[in-house]
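Per-entry structural report
Here is how the chains run, residue by residue.
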Amino acid sequence: MQADNFEVLQKLLKQRSGLVVSPEKAYLLESRLMPVARKWSVKGLDELVALVRAKRDEKLLQDITEAMTTNESSFFRDTRPFDQFKSVVLPQLMEQRASRRHLRIWCAAASTGQEPYSLAMVLHEERVRMNGWRVEILGTDLSTEVLDKARDGVYSQFEIQRGLPITYLVKYFRQDGDKWLLSPEIRQMVDYRPFNLLEDPTALGRFDIVFLRNVLIYFDRPDKASILGRVAKLMPSDGVLYLGGAETVFGISDRFKPVEGQRGIYQPTSDAEPSSAGRQAAAF
Ligand SMILES: C[S@@+](CC[C@H](N)C(=O)[O-])C[C@H]1O[C@@H](n2cnc3c(N)ncnc32)[C@H](O)[C@@H]1O
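How each quantity is defined
Residue numbering note: each chain is counted from 1, following its sequence as written. Selection of residues for local features in this predicted model requires a pLDDT of at least 70, selection of side-chain atom pairs for listing and counting requires 80 or more, and totals for whole chains, interfaces and linings are taken over all residues. Comment: elements are numbered from the N terminus, with helices defined as DSSP H or I runs of at least four residues and strands as E runs of at least two. Taken over C-alpha atoms, the radius of gyration is set against a globule rule of 2.2 Å times the number of residues to the power 0.38. To assign burial, the other C-beta atoms lying within 10 Å of each residue's own C-beta are counted, with C-beta atoms placed from the backbone; 20 or more indicates buried, 12 or fewer indicates exposed, and intermediate counts indicate partly exposed. Placing a C-beta atom from the backbone of each residue, one calls two residues in contact when those atoms lie within 7 Å. Placing a C-beta atom from the backbone of each residue, we mark the residue near a molecule or strand if the atom is within 6 Å of it. When residue character is reported, Ala, Val, Leu, Ile, Met, Phe, Trp, Tyr, Cys and Pro are called nonpolar, Asp, Glu, Lys and Arg charged, and the others, Gly included, polar. Each domain's extent was defined by an automatic or database domain assignment.

1. Quick notes on the overall build of the protein
Helix and strand counts for the protein stand at 11 helices and 10 strands. The C-alpha atoms of the protein give 20 Å as radius of gyration, which agrees with the globular expectation for 284 residues (19 Å, within 12%). Across its three principal axes, the protein shows a C-alpha extent of roughly 60 × 50 × 30 Å. Looking at the 284 residues of the protein, the share that counts as buried comes to 36%. Long-range contacts, defined as pairs at least 24 residues apart, comprise 73% of the intrachain contacts of the protein with a sequence gap of at least 6.

2. Digging into the site of the ligand
Residues in contact with the ligand amount to 23 residues; listed here are only the nearest, Thr 69, Ser 73, Ala 109, Ser 111 and Leu 197. Along the lines of polarity and charge, the residues of the shell around the ligand split into 7 nonpolar, 11 polar and 5 charged.

3. Section: the domain arrangement of the protein
Domain annotation of the protein identifies domain 1 (3-67) and domain 2 (80-268). Computed from C-alpha atoms alone, the centre-to-centre distance between domain 1 and domain 2 is 30 Å. On the domain 2 side, the residues contacting the 5 residues of domain 1 number 10 residues. Here the side of domain 1 that touches domain 2 is built from residues that sort into 2 nonpolar, 2 polar and 1 charged.

Below, the structure is given as structure tokens:
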């Protein structure tokens with residue numbers, strides 16, 4: 001691909017999704033954008049960029065942006081965050097929200113749904129203790145294609161084998177040929193909506209728990225900092241933010257601080273919005 005065409009794509013992806021493509025990663029453009037080139041009936045990436053310059057067609061720009069996202073996910077990814085959710089975070093928040101009996105959870109890079117559905121299954125297991133509670137789970141992603149798959153709740157044998165406890169497989173999935181269908185009772189616990197993390201999330205409302213896992217790694221430092229700043233504004237001071245195993249707020253944003261004794265989870269710092277219950281941050 002010509003150098004100036006690489007720069008056009010690099011700039012377009014940075015502007016539309018925050019994705020940073022360094023010259024060493026140029027090969028990723030070739031492998032991921034060739035299907036887009038074929039779909040738009042052009043021979044290669046130079047011709048695809050020529051089409052971008054000529055048309056500025058929104059659908060074409062969306063196809064390019066979505067094709068470049070990495071949608072890797074799995075049920076109960078990394079195990080620990082979900083164990084911690086069940087045994088530490090959920091009991092603590094249930095105590096703090098006892099009078100309101102309402103929890104809102106946001107999976108801000110939901111991909112194909114394994115993360116929000118893992119949370120939904122954990123919450124469903126707690127349904128006796130949570131009788132009378134209203135729990136909302138919102139899954140958002142930049143890519144509309146992955147959200148369609150998430151809504152369908154249909155997974156392959158390979159996807160099911162990665163991380164899903166056998167007891168949950170038996171309880172919440174039905175086999176249909178070589179596919180596994182998630183039960184409607186779990187599917188209906190999650191709402192999906194397209195949302196770009198580069199935009200202002202205020203209209204999504206406030207959240208007690210935010211899963212922002214394995215997405216900040218694709219952004220540069222200023223974008224990471226502004227995303228964390230906007231997320232902090234939506235959370236009470238006793239809210240909990242989950243990041244991926246390779247992600248941190250250190251050296252990026254002072255809007256969150258780590259929860260002592262609990263790896264990988266963070267709470268808004270005191271200059272973020274006050275707790276809706278008017279309490280201090282939780283001592284987990
Ligand atoms: C690697 S997946 C992570 C999925 C899940 N959170 C997990 O940890 O398994 C990253 C997701 O972030 C989404 N993404 C990338 N850039 C985004 C942006 N600017 N706004 C919203 N989602 C974005 C991608 O479409 C992709 O589905």
